[in-house]
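Secondary and tertiary structure notes
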Amino acid sequence: MNIYTKFTKFAAAAVVGLTLSVASMTAQALPIGLGLVIDGSGSISGANFTTQKNGYIAALNNVLPADGSVAVGVYQFSSAAQTEFSFQVINNATDLANLVAAINGMTQLGGATAIGDGINLAASQMAAFGYANLEKVV
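Here's what I pulled together on the structure shown here. In this text the structure is predicted, and so the values were computed from the model without any measurement. (Residues numbered from 1 in each chain as written. Predicted model: local features only at pLDDT ≥ 70, side-chain atom pairs only at ≥ 80, totals over all residues. Heavy atoms only, no water.)

Moving on: the sheet that holds strand S2 (residues 70-77). Sheet architecture is open: 3 strands sit in the order S1-S2-S3, paired in mixed fashion. The sheet is open, and its two edges are formed by strand S1 (32-39) and strand S3 (81-89), each paired on a single side. The mean inter-strand angle of the sheet, taken between neighbouring strand axes irrespective of direction, is 10 degrees. Where S2 meets S3, 6 bridges bridge the pair, whose relative direction is antiparallel. Each bridged residue has a counterpart across the sheet, and for Phe-77 the counterpart in S3 is Ala-81. Sitting on the sheet, helix H2 (residues 46-63) is in contact with S1 and S2, with an inclination near 160 degrees to S1. The sheet strands contacting helix H4 (residues 115-131) are S1, S2 and S3, and the helix crosses S3 at an angle near 25 degrees. (Pairing = 2+ DSSP bridges. Helix = DSSP H or I, 4+ residues; strand = E, 2+ residues; numbered from the N terminus. Axes fitted to C-alpha atoms, helices over the stretch in contact; angles between N-to-C directions. Contact = heavy atoms within 4.5 Å.)

Attention now goes to the packing of aromatic side chains. Following the criterion strictly, the structure yields 1 aromatic pair and no others. The interplanar angle of 80 degrees and the centroid separation of 4.8 Å between the aromatic rings of Phe-87 and Phe-129 together place this pair among those described as edge-to-face. Of this pair, Phe-87 sits in strand S3 while Phe-129 is found in helix H4, placing the two residues 42 residues apart along the sequence. Look at Phe-87 and you get buried, because its relative accessible area is 8%. (Phe/Tyr/Trp six-rings, centres within 6.5 Å; stacked < 30°, edge-to-face > 60°. Buried < 20%, exposed > 50% of the residue type's maximum accessible area, 1.4 Å probe, protein only.)

Turning to the environment of Ala-112, a few remarks are in order. Mapped onto the secondary structure, Ala-112 falls in the loop between helix H3 (93-104) and H4. What makes Ala-112 partly exposed here is its relative accessible area of 45%. Sequence separation between Ala-112 and Ala-80 is 32 residues, and the spatial gap between their C-alpha atoms is 8.0 Å. Residue contacts for Ala-112: discarding those within four places in its chain leaves Ser-41, Ser-78 and Ser-79.

Here it is, written out as structure tokens:
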């Protein structure tokens with residue numbers, strides 16, 4: 001997989017969370033919503049999967065507030081998608097630690113690359129949480 005394809009997948013996943021969170025700030029009194037859609041397909045190496053996990057863990061530990069202002073869900077995609085951490089508000093250090101532990105404990109699924117399944121799963125969980133009237137970007 002070339003760098004352009006990797007970036008496209010990452011950008012698409014990031015856009016879902018950012019689009020939903022920006023729209024929520026103007027439309028509803030909800031915390032900022034962030035859906036992390038992580039590539040666990042066979043098109044990336046085990047080392048790159050570990051790099052993804054470590055990058056998310058470092059970012060979350062260093063910049064994510066644990067004060068109820070952000071809600072996060074984590075989803076892994078390959079041939080299909082699965083929830084790694086159900087969408088919830090991060091209210092305190094324990095919630096943040098549970099989020100980090102969920103990412104740290106992920107094992108790579110392998111298989112095909114169905115990023116759309118990951119995006120759809122994240123969007124449906126975010127909609128069920130209260131972000132239902134927001135646009136989904138695919």
